[in-house]
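# Reading the structure
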Amino acid sequence: MRAKATQSVAELPLPEGSLGLPAVGETLELITNGDTFGASRRERHGDVYKTNILGAPTVMVYGEEAVRAVLAAEDKLVASDWPEVTSTLVGPDSLNLLTGPRHGAVKRALSEAFSDKALRRHVPAIAALVQEYVAGWAAGAQPTPGFESCQLLSQAVFDRVVLGGAGGRDRAAQLQGIMAALQAGFNTPPVQLPFTDYGKAVAARQEFGALVTQAIQRSRQQQTTAAASASSAAANPSAQATFDCAMADVVAAAASSSTSSTSTTTSAATAWSQPPVPLPDSLLVDNAAAALFGNASMGPSLAKALQHLAANAADGGNGVMAALRKEQQDIMTRRGPAITAEVLDDMTYGGAVARELLRITPAVPAVFRLALVDFELQGRRIPKGWRVWCHLGDSVTRYNKDHFRPERWLQAPGGATGSSNAANGAPSAAAATAPAAAAQAGGCPMHGGGSGGGSATSAKPAEYSLPFGSGVRSCLGRNLVMSELLVALAVLARGYEWEAVNPEEQWGVVPSPAPKEGLRMRLRPRA
Ligand code: HEM
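Residues numbered from 1 in each chain as written. Predicted model: local features only at pLDDT ≥ 70, side-chain atom pairs only at ≥ 80, totals over all residues.

You'll find the chain entered in an unreviewed UniProt entry as Cytochrome P450, with Chlamydomonas schloesseri given as the organism. As stated in UniProt under Cofactor (unreviewed entry), the record for the chain gives "heme". (UniProt positions renumbered as here; feature names shortened; annotations may be inferred.)

It is worth spelling out the overall build of the chain at this point. In terms of helices and strands, the chain carries 22 helices and 13 strands. Here the chain holds 527 residues, and 47% of them are scored as buried. Within the chain, contacts between residues at least 6 apart in sequence are counted, and of these 71% link residues at least 24 apart. (Helix = DSSP H or I, 4+ residues; strand = E, 2+ residues; numbered from the N terminus. Buried ≥ 20, exposed ≤ 12 C-beta atoms within 10 Å, placed from the backbone. Contact = placed C-beta atoms within 7 Å.)

Below, the discussion takes up helix 2 (residues 34–45). Helix length check: helix 2 (12 residues) gives 17 Å between terminal C-alpha atoms against 16 Å at 1.5 Å per residue, within 8%. Along helix 2, the residues that are buried comprise Phe37, Gly38, Arg41 and Arg42. Axial view of helix 2: buried residues confined to an arc of 105°, hence all on one face. Turned more than 90 degrees away from the buried face of helix 2, the exposed residues are Ser40, Glu43 and Arg44. The inward-facing, buried residues of helix 2 contact strand 1 (16–17), helix 1 (27–32), strand 2 (48–53), strand 3 (56–61) and strand 9 (387–391). Backbone geometry just downstream of helix 2 places Gly46 in the positive-phi region, at approximately 95°. (Expected span 1.5 Å × (residues − 1). Arc of directions from axis to C-beta.)

Once that is clear, we can look at the sheet that holds strand 2. Here six strands make up an open sheet; going across it, the order is 1-2-3-9-6-4 and the pairing mixed. At either margin of the open sheet sits one strand with a lone partner, and together these are strand 1 and strand 4 (78–80). Direction of pairing for strand 6 (residues 366–371) relative to strand 9: antiparallel, over a ladder of five bridges. Residue pairing across strands places Ala366 opposite His391, the latter belonging to strand 9. Helix 3 (residues 64–72) contacts strand 2, strand 3, strand 4, strand 6 and strand 9 of the sheet and is inclined by roughly 130° relative to strand 9. (Pairing = 2+ DSSP bridges. Axes fitted to C-alpha atoms, helices over the stretch in contact; angles between N-to-C directions.)

Moving on to the confidence of the model for the chain. Caution applies to low-pLDDT regions: their predicted coordinates should not be interpreted in detail. Per-residue pLDDT for the chain averages 86, and the proportion of residues at 70 or more is 83%. Residue range residues 261–274 is modelled with pLDDT below 50. Its contacts to residues more than four positions away, or to other chains, number 16 contacts. Long-range and interchain partners of residues 414–420, a stretch whose pLDDT sits below 50, account for 23 contacts in this model, where long-range means more than four residues apart. With a pTM of 0.88, the predicted complex shows an ipTM of 0.99. (pLDDT = per-residue confidence, 0-100.)

With that settled, consider the site of the ligand. Near the ligand there are 26 residues, and of these Gly294, Ser297, Gly469, Cys475 and Gly477 occur at the shortest range. Those elements giving two or more residues to the shell around the ligand turn out to be helix 14 (281–295), helix 15 (298–311) and helix 22 (478–495). The element best represented in the shell around the ligand is helix 14, accounting for four residues. Per-class residue counts for the shell around the ligand are 15 nonpolar, nine polar and two charged. Each of domain 2 (105–294) and domain 3 (302–365 + 401–500 + 515–525) gives at least three residues to the shell around the ligand. (Near = placed C-beta within 6 Å. Nonpolar A, V, L, I, M, F, W, Y, C, P; charged D, E, K, R; others polar. Domains from an automatic or database assignment.)

With that settled, the discussion passes to the environment of Leu98. Mapped onto the secondary structure, Leu98 falls in the loop between helix 4 (86–89) and helix 5 (100–111). Residues Leu98 and Val510, 412 residues apart in the sequence, show an inter-C-alpha distance of 27 Å. Among all residues touching Leu98, those that are not within four sequence positions of it are Asp93, His103 and Val106.

Right, let's get into unusual backbone geometry. Residue Gln142 is joined to Pro143 through a cis peptide bond whose omega torsion reads 0°. You will see that Asp75, though not glycine, has its phi angle at about 70°, which is positive. Its place among the elements puts Asp75 in the loop between helix 3 and strand 4. With 15 C-beta atoms counted inside 10 Å, the residue Asp75 sits in the partly exposed group. For Gln378, which is not glycine, the phi dihedral falls at a positive 50°.

Mapped onto this structure's residue numbering, the UniProt feature "binding site: heme" (unreviewed entry) falls at Cys475. Tracing the backbone shows Cys475 in the loop between helix 21 (436–440) and helix 22.

Where helix 16 (residues 320–335) meets helix 18 (residues 348–359), the closest approach of the two axes is 8 Å, and the angle between their N-to-C directions is 140°. Put simply, helix 16 runs oblique to helix 18. Counting all contacts with helix 16, which are made through Val320, Ala323, Leu324 and Glu327, the residues of helix 18 involved are Tyr349, Gly350 and Val353. Of the residues in the contact of helix 16 with helix 18, the class split is five nonpolar, one polar and one charged. (Parallel < 35°, antiparallel > 145°, perpendicular 65-115°, else oblique.)

Segmentation of the chain into domains returns domain 1 (7–84 + 367–390), domain 2 (105–294) and domain 3 (302–365 + 401–500 + 515–525). With six residues, the single largest contributor to the side of domain 1 that touches domain 3 is helix 3.

Spanning 12 residues, helix 5 covers 16 Å between terminal C-alpha atoms, matching the ideal 16 Å at 1.5 Å per step. Listed as buried for helix 5 are Val106, Ala109 and Leu110. In a view along the axis of helix 5, the buried residues occupy a sector of 95°, so they form one face of it. Across helix 5 from its buried face, at more than 90 degrees, point the exposed residues Gly100 and Pro101.

Turning to the pairing of strand 6, a few remarks are in order. Covered by surrounding structure in strand 6 are Val367, Arg369 and Ala371 only, the residues Ala366, Phe368 and Leu370 on the alternate face being uncovered. Direction of pairing for strand 4 relative to strand 6: antiparallel, over a ladder of three bridges. Note that in strand 6 the partner of Ala79 across the bridge is Leu370.

Let us look at the sheet that holds strand 13 (residues 520–525). The sheet built from three strands is open, its strands ordered 5-13-10 with antiparallel pairing. Each edge of the open sheet carries a strand with a single partner, namely strand 5 (144–145) and strand 10 (496–500). The strands touched by helix 7 (residues 123–139) within the sheet are strand 5, strand 10 and strand 13, with strand 13 carrying the most contacts at an inclination of about 105°.

This is how it looks when you write it as structure tokens:
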């Protein structure tokens, strides 16, 4: 099935569903029943239905095939749909707002710094931070606020890997504060005064811009120093890279793209930026802000690890924690105690756990598009100007009623890891190599038949999970996400045990997925 615009589209019926009351539509129901709003309507109307929320007629889309079809039609039938304030609070040159060939060229230029290959060298630094933070949680007063702690940890890793900072607690708290102010700025009238939420968000964006500018300047200084000492570097290896982060890679690519028409350099950066696209500092700052927004999903994903591993730790449970520990023990026997990229490669079971963490209670339940023209989807007309919400997994209709079962990824043909633990998302090597059974079941390598399990040949409908989206706008940070999750799993499984204060704690969905009581945990080192 493909989403298509045809001459006969005008004759097609609109999707089923209700536009609700005049003006407010069904917004109040979304706010009051956010956890079940989508599930009840999908049950009644199927995978494509209409509603009217947040001031606009909207089509809700579920199912891997339909979601992929819509997202594959980016810039043709649909366009990314962001509020106007995005330009100020993220940036006019952020990937979120760029479209068409320019979006593609900028994304290509930035992608290398976030590739699996580039991130591998940061794994020991990520591991050091995760070890330091988790040890701090265990040593501190109990219970520890799990959700907040995971958010801070994710900011520390962002600081270290993306901006080249030390990932200290003050910096993590600063980034978390900036992020909270920015998010608040999206949910408020854009009145820019010092005491309004919007005014504070604009100030937070400026504060973040200053941090990124410092990182850019350090990257340049480093390049200059490295160039000056190039001749002595071989004799003195300590003169080589000290400021090592994604931003430094991007700054190198920017320098290379601005000189590539005249330069004969054969640096790796030149290869990344073909065709060359200008990467001015303002664009780098805007996209660091886009990355900071993306990173806001990382804390919740780490928090899910704390919650689901605690729930599955007890003897007689489904053995997730025991299997993780056994895998870590085997890896340590072979490779020793250090956590490196090779260790992450070896985490077949850990990879399945990471995928399951991304599947269950997705941190990004849906992505938003605007219909550019009238088009057809599953025999229905999607009118021009309507919003289109593409849901990123069946699990979005099962919040708090799902089952954590990493084994579903091991049962999937091709195993849990696909290509080096890269989670399924955009059309990817893992998805492309999934066998025919997977393709028939929806193309998703996770098709164990829903929450209860089943097998590749199960007659139950396939379940889909696209945590990183699909198509040209799929997540830039997916490799960082997978590395961070795997490192966290390794650190936790090797050295800690913990339990939730409220093992039944639920997650809320609106305005964004978060545990309702902050996920308090009692955590201690393993004997
Ligand atoms: C668990 C964590 C994360 C999840 C679930 C997630 C999910 C997503 C999804 C679903 C999209 C697609 C948005 C769309 O189609 O409109 C996306 C885009 C994006 N993500 Fe992530 N993300 C995560 C972490 C990160 C991190 C850590 C970074 C940065 C280092 C990042 C940077 C981005 C950027 C820049 C985009 C925009 C890409 C574009 O428009 O081309 N994300 N992410």
